[in-house]
Structure formats: C-alpha cells, structure tokens
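# Structure assessment
Residue-level listing of the chains:
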Amino acid sequence: MSTPPIRPPFRQQFPVLCADDVRRLEQTPLAQAVPVQSIYEIFVNSAAAFGDRPALTFLRTAKLDPGPDEQPITWSFAQLLAGIHRMANALHRLGFGPSDTVAVLMPGSLPYHLALWGGSAAGIVQPLNPLLSVEKLCSLLKASGATVLIAWGAEDDSGYWTKAMALRDQVPALKNILHVAPLEGTGVAPLLAGVLDLNTLMDAEPADRLVSGRNIVANDVCAYFHTGGTTGSPKLARHTHGAQVFMAWSYVQLQGLLPGDVAINGFPLFHVAGVLPGSLAALSAGVHVVIPTTGLFRNRDVIRNYWKLVEKYRATVLSGVSAVLTALTEVPLNGADISSLRYARTGAAPLTPELAARFTKLFGLHIYETYGMTEMVGTSTVTPPGLKREAGCVGLCQPYSQMRVVALDEQGGASDIVQPTGQSGIVQFKAPNVFAGYLNHDDNKHAFSHDGWLNTGDLGYIDEQECLHLSGRAKDLIIRGGHNIDPRVIEEALDTHPAVQTSAAVGAPDDYAGELPVAYVTLVPGAQVTEAELLDWVRERVDEPPARPRWVHIIPAMPLTNVGKIYKPELRDLAKLTLLQTK
C-alpha cells in the first residue's frame, strides 16, 4: 500500500514529572501506544491533522527587516507532505529502491527536509557533514554504497558543489548527482554528465502518493548516521523506521510538545539532534519549526538577533548546546519580548552550574537537560518541563526502556557489576530506539554487552528519583598511574572563577604516570586573569592531589565540533605539542 491508515498525530497523554508517570505510560502495551510503523506515516498523519498550518519556515536572512528578495518561506504540513511525495517519487523513477542509499550534502534548508523524509520513504538516507574533507566524505559514501547524492548547487562556506563534483569523480557507485538550486539563484548550472536538476525531476512527479506503493515496516532501515567524531575509520549507525518513530513519540510524551509550539532549530541537519528531536519529533506533534538561515547557529547574525527572532516568531521552545547558550548570555535582550518561551533545553554537551545560574538570572529561564546519542536514535533521557533539577541531571529514562549503571573494569571499560543508586559507572540502555548496530559489523564488537545492553561510554549515576546524572565520557577519563580522574572535577572548579567562560581538562602524556591532568580555558570578554592565578584557584578547589592539573592555559577559543561540543582530541594534541616544546 502507498497510503497508510490515517491516525492521530503524536500528543502528550498527560504531564510527566516523575518515574511513576513514566510507568503509568507503560501500562498501555507499546504496540497499542505507538501503532505508527514509519516516518512516512508521521507526515501523513501530521498533514491530515494540521493541513495548512505552518510546519517549516526558512529564514533567508537573520535580518529583522528583510528586503523584498529576502522574505522567509513557509511550508504548511500539507505542502511538506506533497514535497516528500515528489522527492520519494523522483528517486523511485531513477530506479532507487528500499535498500539503496541517497547521501545528502546541503546546508540547513527546506530541501534538506525533503531529502531526509522523502529519502527515507524511498530507501535509506545518509546525511553528510559538509565540513568534512573530500577524502573523508569519499570513505563514508563508499562505506554506505550510496548511489545518489543530493547536493547544494553553491559553494557557501563549505564548498558544497566543488565537493559534490569531486565525489562524483571519486566514488564509482554514485550514479546520479541531484543538483539543488539555492534560493539566491547563484548555483552552478547542472550541465555535467551524471548531474540532474532536482526541481525538474520533482515537478514531474505526483504529490499525493508514493508511486512505488511501498509498504514500510518498523524494522526497515531508514538512515545511516556518521558517528565517532571526525577522525578514524567511518562508523555508520543504522537507524530503523521503528526506532525513529518511537523516539518521536517518546520525546513528545516527556517533553510535552504541543500543536502551535514554535521552535527555532539551529542544530545542523546532518546531526541527530537537528534531525530527530529538533525536527521529526516536533513535526510529529504539530510544532512550527523555524530554520534560521543556511548557517543555522553558526551564523553570527542569528545569535546576535536571537532574542528579537524569538519575539518576532513567538518561539515557545529554546534549544541549543552549551556553547550556543553561552553565546546567548552575551546578547542583551534590548527590550525583546521573550515571554512566549515556555522553557529552555540543552543537550549534546555538559551544562555547567554557572551557565545554568547565569541563564536563569539573565532571562528567567530554567535550562532542562536532555541526554541522547546517535546510537540511541536521538534521545535516551529527558528532564520534563516542570521537573527542575540541578545542572548535570539529564532526567528520566524513556518509557518502555531500561537504564542501568555498571562499574568500570581494570581497562576503564564496562564490567558486569551493576552499581547501586548513587554510585557512578558506565551508563547502559535497552530501549525500542536503540540503533540497529553499525553498518560494518566489526564496529559492533564493543557496542553492546554480552547480555544485550548498549554501552554508551558515558559516565554517570542514577539518583533516588531515578534520574540520571552525567559526569563525562569514559574515554575522557584521565588515567594517572592507575588512578581514574574525572575531568569534570577540574572543569567544575575552574568554572566557578568569574573570569572563566569555558573550560576543558584532558590528559597529557607522561612517561612515568601515563597521563597528567592539564586544563584549558577561555575567558569572559573583557576579563583579566593570569594562568598562575587560575592554577592556584583550581588547585585549592580540587580535593584529590592527583587530580590537580599540571597547568592551566588560556586559549582564544575552545575547539568545537559542528554541533558545539568541545573537541578534546585537539586539546590533547595541543598538550602533546606543549610538552614537546618544553623538553
């Protein structure tokens, strides 16, 4: 069948504020609570329920008074579904099937949503990080066996079209490059062999159905997401339709998303945070999602005008990684009315108590934390609005899911010893939205325990209210002479200094001890402090002598991933360089 039965959109059953509320949700059998089988069904249901209401608005510019040629573009839920149909049908017409992969190399935009959801309706979609090198992108495409690449027809800040042409020449399996014309009309005309104009293909397709007649089931793979950072061999996590559907439903239950909510989604659309909780879950519940220019949160004008954009679009949900929230604390309200905001949310990187307190003091908003990862298809735990907890508490386990913490073994990995309440260890999950494993089976060796639990590699503990608290990554532990040092101990001490904006502690190699703790900080604009003063400050506040850092260095900017996480491998390299220079 090409049109599944129409069901109601996802809607919160009742407010969730504690673990007992989660168990109350579980009283309904899962198959009855979430009968939807596919991502495609989500958009069919949303279009039926919300029709002409706004689903997506793309801001061509972050200006508050855009010119005639810079006006935002809004698609309704009905228009979005029509575009999904045309995209899936265009791919089908090219001979693309359910087991084929379409890669996407684009900035944040409306066509990206058609590629994501139309691609998964036709087969398997592979979002690509455009800042990766051509060499890295080639390895990812060869690993997935992608036969189609949907590419932005302009250079912008990432060299999209140049990279697309290089991939065409270097990846033999690519049969077609689908050229996406940028709105500004500055794109490269698709005149080369193997290049087709996507708009032309889609215009020729019906908008009211899937011509393939495909019957998508929950176990069908819908996406490959790159994970494991930007170094090493590619690891592609397989997501199924059922896992992404469950994530969307669960997020709506715990988050309390409502029809009429407005969310500015500045997360990149090659990352699970932007694709799944930021888009799929929101759209499944009738939320209006605003895409803040192709640059998203990397566009400085978006940050500079953020509070006025909240006022203009009456945003009800604020969401961003800690680096974005830190940047927003430097942007004054200047009279902007942000009373429409119901709550603020963060994830993907740790929230410091100092940032949480500063944000609340400046804007009157408590920051709620969510914990997720690519291997959990977006979300693992959520702190529901109304459950105000301290920084570091990432909330309750999702319904129909299990969470436990196990002790570390001698190598710093996960053991079989389950930790009691309040004791730290490695966090593990069993859940309907655990991914289907890596595409390369060799990568699955350490992904799961022998009894089927997902090893997250994250350190944390579960408190008496059954909320999870995170303290860092197991791989980020600094091992000094067999002594495991949690870098958060050092970072939290540094963060209490009024001159420190961000901090990160890493291990520097040492011939005798193995590793020695060292730290790097960025300063609040205009603040003045010496490295010696910071070293004294942190040593006074770190109780364990082995955990006191050897040095604290001030750097102009903290290295970040494209999602805004602190990129510690670069800091480790910096520490190695410092040691070489001092020898």
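Right above here is the structure, for reference.
Residues numbered from 1 in each chain as written. Predicted model: local features only at pLDDT ≥ 70, side-chain atom pairs only at ≥ 80, totals over all residues. Heavy atoms only, no water.

### Here's the deal with the overall build of the protein chain
Counting its regular elements, the protein chain contains 17 helices and 26 strands. By its C-alpha atoms, the protein chain is 70 × 55 × 55 Å across when sized along the principal axes. A total of 583 residues make up the protein chain; the buried ones form 57% of that total. For the protein chain, contacts bridging at least 24 residues in sequence account for 70% of all contacts bridging at least 6. For the protein chain, the exposed area adds up to about 23,400 Å²; of that, 52% sits on carbon and sulfur atoms. Taking the average location of the 46 positive side-chain charges in the protein chain and that of its 55 negative ones, the two points are 3 Å from each other. (Helix = DSSP H or I, 4+ residues; strand = E, 2+ residues; numbered from the N terminus. Buried < 20%, exposed > 50% of the residue type's maximum accessible area, 1.4 Å probe, protein only. Contact = heavy atoms within 4.5 Å. Areas by Shrake-Rupley, 256 points an atom, 1.4 Å probe, with all protein chains shown as cover. Lys, Arg positive; Asp, Glu negative; His and termini not counted. Charge placed at Lys NZ, Arg CZ, Asp CG, Glu CD.)

### So, the sheet that holds strand β25 (residues 514-523)
What the three strands build is an open sheet, ordered β24-β25-β26; its pairing is mixed. With partners counted over all chains shown, the strands left at the sheet margins are β24 (500-510) and β26 (552-554), one partner each. Direction aside, the axes of adjacent strands within the sheet are offset by 25 degrees on average. In this structure, β24 lies alongside β25, joined through ten bridges in antiparallel fashion. Directly across from Pro 509, in β25, lies its bridge partner Glu 515. Contacts between helix α15 (residues 487-495) and the sheet are confined to β24, β25 and β26, with β24 contributing the most and set at about 145 degrees to the helix. In the packing of helix α16 (residues 531-541) onto the sheet, contacts are made with β24, β25 and β26, and the angle to β26 comes to roughly 140 degrees. (Pairing = 2+ DSSP bridges. Axes fitted to C-alpha atoms, helices over the stretch in contact; angles between N-to-C directions.)

### Here's the deal with the pattern of salt bridges
Going through the model one piece at a time under the given rule, you end up with 17 salt bridges. Put simply, Arg 314 and Asp 337 hold a salt bridge, and the shortest N to O gap is 3.8 Å. Residue Arg 314 is found in the loop between α12 (306-313) and β12 (317-319), and its partner Asp 337 is found in the loop between α13 (322-328) and β13 (343-346); the two are separated by 23 residues along the sequence. Note that Glu 540 is salt-bridged to Arg 541, the shortest N-O span being 3.4 Å. On the basis of relative accessible area, Glu 540 is assigned to the exposed category, the value being 62%. Because the salt bridges share partners, they merge into one network encompassing Asp 20, Arg 23 and Glu 466. (Salt bridge = Lys/Arg side-chain N within 4 Å of Asp/Glu carboxyl O.)

### Observations regarding the packing of helix α4 (residues 77-93) against helix α5 (residues 110-122)
The contact between α4 and α5 brings their axes to 8 Å, and the two run at 55 degrees. Looking at the two axes, α4 sits oblique to α5. Every pair of crossing elements has a handedness; the one defined by α4 and α5 is right-handed. Of α5, the residues touching α4 (which contributes Leu 80, Gly 83, Ile 84, Met 87, Ala 88 and Leu 91) are His 113, Leu 114, Ala 115, Trp 117, Gly 118, Gly 119, Ala 121 and Ala 122. (Parallel < 35°, antiparallel > 145°, perpendicular 65-115°, else oblique. Left-handed = near helix turned anticlockwise from the far one by under 90°.)

### Observations concerning the environment of Ala 263
Residue position: Ala 263 is located in strand β10 (residues 262-264). When the C-alpha positions of Ala 263 and Leu 132 are compared, they lie 28 Å apart, and in sequence the two are 131 residues distant. With near-sequence residues (within four places) excluded, Ala 263 lies in contact with Val 287, His 288, Val 289, Val 290 and Val 317.

### Some words on helix α3 (residues 39-50)
With twelve residues, α3 should reach 16 Å at 1.5 Å per residue; the first-to-last C-alpha distance of 16 Å fits that figure. With ten of its twelve residues buried, α3 lies for the most part within the structure. Turning to α3, the residues buried within the fold contact α4, α5, β8 (221-227), α9 (241-255) and α10 (272-284). (Expected span 1.5 Å × (residues − 1).)

### Quick notes on the side chain of Asp 458
Summarising the element assignment, Asp 458 is placed in strand β20 (residues 454-462). At 2.5 Å, the side chain of Asp 458 forms a polar contact with the side chain of Tyr 371. In this structure, Asp 458 is in contact with Tyr 371, Gly 425, Ile 426, Val 427, Leu 470, Gly 472 and Arg 473, ignoring residues within four places of it in sequence. (Polar contact = N/O pair within 3.5 Å; in protein donor to acceptor, adjacent residues only side chain to side chain.)

### Observations regarding the packing of aromatic side chains
The tally for this structure, following the rule as stated, stands at 14 aromatic pairs. Considering the side-chain rings of Phe 50 and Phe 77, the 5.2 Å spacing of their centres and the 45 degrees angle between planes classify their relative orientation as tilted. Linking Phe 50 in helix α3 with Phe 77 in helix α4, this pair joins segments that are 27 residues apart in sequence. For the pair formed by Phe 50 and Phe 77, the shared burial category is buried. For the ring pair Tyr 306 and Trp 307, a centre distance of 5.4 Å and an interplane angle of 80 degrees mean the geometry is edge-to-face. For Tyr 306, a relative accessible area of 1% puts it in the buried group. Residue classification places Trp 307 among the buried positions, given a relative accessible area of 2%. Three or more aromatic residues link up through ring pairs in this structure, and these residues are Phe 297, Tyr 306, Trp 307, Phe 359 and Phe 363. When the ring centre of Phe 14 is taken as origin, the NZ or CZ atom of Arg 24, which lies over that ring, is 3.7 Å away. In this arrangement the basic side chain of Arg 541 is found over the ring face of Trp 537, its NZ or CZ atom lying 3.4 Å from the centre. (Phe/Tyr/Trp six-rings, centres within 6.5 Å; stacked < 30°, edge-to-face > 60°. Lys NZ or Arg CZ within 6 Å of the ring centre and 35° of its normal.)

### Side note on the state of the cysteines
Under the criterion given, the structure shown has zero disulfides. Not part of a disulfide, Cys 393 finds its nearest cysteine sulfur in Cys 467, a span of 4.2 Å. For the unlinked cysteine Cys 397, the closest cysteine sulfur is that of Cys 467, found at 11 Å. (Disulfide = S-S within 2.5 Å.)

### Considerations on α12
Restricting attention to buried positions, one finds in α12 the residues Tyr 306, Trp 307, Leu 309, Val 310 and Tyr 313. The buried side chains of α12 occupy one side of the element, clustering within an arc of 160 degrees when seen end-on. Arg 314, located one to two residues past α12, shows a positive phi value of around 50 degrees. (Arc of directions from axis to C-beta.)

### Comments concerning the environment of Arg 60
When you line up the elements, Arg 60 lands in the loop between β1 (54-58) and β2 (73-76). On the basis of relative accessibility, which here comes to 30%, the residue Arg 60 falls in the partly exposed class. Sequence spacing of Arg 60 and Ile 73 is 13 residues, and the spatial spacing of their C-alpha atoms is 7.9 Å. Excluding its chain neighbours within four sequence positions, the residues that come into contact with Arg 60 are Asp 69, Glu 70, Gln 71, Ile 73, Leu 183 and Thr 293. Here the side chain of Arg 60 touches Asp 69 through a polar contact of 2.8 Å, landing on its backbone oxygen.

### Side note on unusual backbone geometry
In the Ramachandran plot, Leu 296 falls in the positive-phi region, its phi being about 55 degrees despite a non-glycine side chain. Turning to its location among the elements, Leu 296 is positioned in the loop between β11 (288-291) and α11 (300-304). We note that Tyr 400 has phi near 60 degrees; this positive angle belongs to a residue other than glycine. With respect to the secondary-structure elements, Tyr 400 resides in the loop between β16 (393-397) and β17 (402-408).

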